[in-house]
Amino acid sequence: MRWSRFVFASILLFAAGAFARPVALFYMTDGPDSIRSFLAHSGKIDLLVPTWYKVDNNGLVTGAPNPMVLDAAHRENLPVMPILALFGKKSFHDLSTSAEAQQRMIDALLREAKLHGYTGFQFDFENLDYLDRDGLSAVVARAADALHKAGLQLTIATVPNAPGYPGEGGFAKWIYTDWRGAYDLAALAKSVDLICLMTYDQQTRWTMPGPVSGWQWTLENLDYALQFVPKEKLSLGIPLYGYHWYTGEPTTDKTTGQEHPNLSADYISAPDALQLANAFGGKLDWDAGDHTAFFYFYRDQMREWVFYTDLRTFRDRYQLAADRRLQGFCSWVLGTEDPEIWSALPNRNAQQ
């Protein structure tokens, strides 16, 4: 465990050095494709953040490591910092208002880190009420204090929240009150070792087709975050996946029988996106304004859209992190990437 913490500290120091390169943080799920990608490319990953743990409203932490992945990471002296996830307004509110629940959570994190040699944890608390903003900052501060005293790290993933207030429309209000408004970046930055700014999911199944991480949107959210977070503590989110939009079967109100339109979208990996383009004659294209790959095709006489991350999309955002001298980048999620992205990354030990 001490060696893992030493390696993580070295990564942070390296990121602040005169000839720094962005630290490569990759998320990994328990899916077979994600695990295979980690095993194949672990030499180009600086920090592995697997989705192994959840916490409920009572502070009960559940989860466990994948033994094969953990053994491989330890053999390579690769720091492992699992996610601790909680999604939902009521669950988080209950946790944030119970000192007993928070202590139960903290005790479990300390236990798991000691058992498995983690370098720390990353909080992934989402779908929170904007009124719980101070509660989130307080929970994070308390957990960070306890982990730091044990020689561990605490990081947090945050939903991009520029400009810091809701806009005009109903969607803008909803995305602020239910997703963006709970993150006080200045307060969080004082407590944690790193903030992973999730600059992805700009367009989703909730929206019209468009880039997963548009360029101007990314710049606006990065500039906003840098007003509150030191660049040495900020990691830029780079999506590895995409979305496929299509027209779904209309939905029907069970009470009135009235039909409603159903614009649908599915999460899609880069390899699956390319397979779809090949199958239906989609012409791969590049959006120069948003620095992103996309294509469309027709099926059943209807146009379907796909926006995804290819090598060029990834490389432009990687270079942005380097140009702004950020701590690094954080990419969701292994197993969905264009295999070509690995050509843009150096081996972990090449420059350290």
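Only a predicted model underlies this, so the values are computations on that prediction, with no experimental measurement involved.

Rules used in this analysis
- Residues numbered from 1 in each chain as written.
- Predicted model: local features only at pLDDT ≥ 70, side-chain atom pairs only at ≥ 80, totals over all residues.
- Heavy atoms only, no water.
- Helix = DSSP H or I, 4+ residues; strand = E, 2+ residues; numbered from the N terminus.
- Rg over C-alpha atoms; globule rule 2.2 N^0.38 Å.
- Contact = heavy atoms within 4.5 Å.
- Areas by Shrake-Rupley, 256 points an atom, 1.4 Å probe, with all protein chains shown as cover.
- Lys, Arg positive; Asp, Glu negative; His and termini not counted.
- Charge placed at Lys NZ, Arg CZ, Asp CG, Glu CD.
- pLDDT = per-residue confidence, 0-100.
- Polar contact = N/O pair within 3.5 Å; in protein donor to acceptor, adjacent residues only side chain to side chain.
- Pairing = 2+ DSSP bridges.
- Axes fitted to C-alpha atoms, helices over the stretch in contact; angles between N-to-C directions.
- Left-handed = near helix turned anticlockwise from the far one by under 90°.
- Phe/Tyr/Trp six-rings, centres within 6.5 Å; stacked < 30°, edge-to-face > 60°.
- Buried < 20%, exposed > 50% of the residue type's maximum accessible area, 1.4 Å probe, protein only.
- Core = buried A, V, L, I, M, F, W, Y, C linked by side-chain atoms within 4.5 Å.
- Expected span 1.5 Å × (residues − 1).
- Arc of directions from axis to C-beta.

With respect to the overall build of the chain
- Of regular secondary structure, the chain possesses eleven helices and 17 strands.
- By the compact-globule yardstick of 20 Å for 352 residues, the chain fits well, its C-alpha radius of gyration being 20 Å.
- Viewed in the frame of its principal axes, the chain has a C-alpha envelope of about 60 × 50 × 40 Å.
- Of the contacts formed within the chain by residues at least 6 apart in sequence, a portion of 74% connects residues at least 24 apart.
- Just so you have it, the chain exposes about 15800 Å², and 52% of that area is on carbon and sulfur atoms.
- Measuring between centres, the 31 positive side-chain charges of the chain sit 7 Å from its 40 negative side-chain charges.

Observations regarding the confidence of the model for the chain
- Per-residue confidence for the chain averages 95 on the pLDDT scale, and 94% of its residues sit at or above 70.
- The lowest-confidence element of the chain is helix H1 (residues 2-15), averaging 53 in pLDDT; the highest-confidence one is strand S3 (residues 53-55), averaging 99.

Focus: the side chain of Asp178
- With respect to the helices and strands, the residue Asp178 is situated in helix H7 (residues 170-180).
- Separated by 2.8 Å, the side chains of Asp178 and Thr177 make a polar contact.
- With near-sequence residues (within four places) excluded, Asp178 lies in contact with Lys89, Asn127 and Leu128.

Description of the sheet that holds strand S1 (residues 23-28)
- The ten strands lie next to each other as S2-S1-S17-S9-S8-S7-S6-S5-S3-S4, forming an open sheet whose pairing is mixed. Because the sheet does not close on itself, it has two edges, and the strands there are strand S2 (47-50) and strand S4 (61-63). Shown here is a sheet whose adjacent strand axes are inclined to one another by a mean of 25 degrees, direction ignored.
- Pairing of strand S9 (residues 234-239) with strand S17 (residues 328-332) involves five bridges; the strand directions are parallel. Paired with Ser235 across the bridge in S17 is Gly328.
- In the packing of helix H6 (residues 133-149) onto the sheet, contacts are made with strand S6 (120-126) and strand S7 (153-158), and the angle to S7 comes to roughly 155 degrees.
- Sheet strands in contact with helix H11 (residues 311-323) are S9 and S17, and its direction is about 175 degrees off that of S9.

What about the packing of helix H5 (residues 99-116) against H6?
- As a packed pair, H5 and H6 sit with axes 10 Å apart at the nearest point and diverge in direction by 35 degrees. Between H5 and H6 the crossing geometry is right-handed. In this structure, H5 uses Ala99, Gln102, Gln103, Met105, Ile106, Leu109 and Leu110 to contact H6, whose residues at the interface are Val139, Arg142, Ala143, Ala146 and Leu147.

Topic: the sheet that holds strand S10 (residues 242-247)
- Spatially, five strands are ordered S13-S10-S16-S15-S14 in an open sheet, and the strand pairing comes out antiparallel. At either end of the open sheet lies a strand with only one pairing partner, and these are strand S13 (263-268) and strand S14 (285-287). With strand direction ignored, the average angle separating the axes of adjacent strands in the sheet is 25 degrees.
- Bridge count between S10 and S13: six bridges; the pairing is antiparallel. Paired with Trp245 across the strands is Ala265, a residue of S13.
- Where helix H10 (residues 270-280) meets the sheet, its contacts fall on S10, S13, strand S15 (292-299) and strand S16 (302-308), and the angle it forms with S15 comes to roughly 40 degrees.

A short note on the packing of aromatic side chains
- Tallied over the entire structure, the rule returns 30 aromatic pairs.
- Note on Tyr130 and Tyr176: the rings are 5.8 Å apart at their centroids and 50 degrees apart in plane angle, and the pair reads as tilted. Highlighted residues: Tyr130 in the loop between S6 and H6 and Tyr176 in helix H7, separated in sequence by 46 residues.
- With a centroid separation of 5.6 Å and an interplanar angle of 70 degrees, the aromatic rings of Tyr318 and Phe329 are classed as edge-to-face. Residue Tyr318 is found in helix H11, and its partner Phe329 is found in strand S17; the two are separated by eleven residues along the sequence.
- According to the relative accessible area criterion, Phe329 is buried, its value standing at 0%.
- Taken together, the ring pairs in this structure connect Tyr200, Tyr241, Tyr243, Trp245, Tyr267, Phe294, Tyr296, Tyr298, Trp305 and Phe307 into an aromatic cluster.

What to know about the nonpolar core
- Core analysis: the largest hydrophobic core is formed by 93 residues, its most contacted members being Phe26, Tyr27, Phe38, Met105, Phe123 and Phe125.
- The element best represented in this core is H6, accounting for seven residues.
- Apart from residues lying up to four places away in sequence, Tyr27 is in contact with Ser34, Val49, Ile83, Gln122, Ala157, Cys196, Tyr200, Cys330, Ser331, Trp332, Val333 and Leu334.
- Formed by eleven residues, the second largest nonpolar core is a distinct cluster that contains Ala270, Leu276, Ala277 and Phe295.

Remarks on H5
- Counted at 1.5 Å a residue, the expected span for H5 with its 18 residues is 26 Å, and the 26 Å between its end C-alpha atoms agrees.
- Among all positions of H5, only Ala101, Gln102, Met105, Ile106, Ala108, Leu109, Glu112 and Ala113 are buried. Down the axis of H5, the sector holding all buried residues measures 160 degrees, keeping them to one side. Away from the buried face of H5 by more than 90 degrees, exposed residues Glu100, Lys114 and Leu115 are located.
- Of the surrounding elements, those touching the buried residues of H5 are S3, S4, strand S5 (83-87), helix H4 (89-96), S6 and H6.
- Two residues or fewer past H5, Gly117 is found with a positive phi of approximately 70 degrees.

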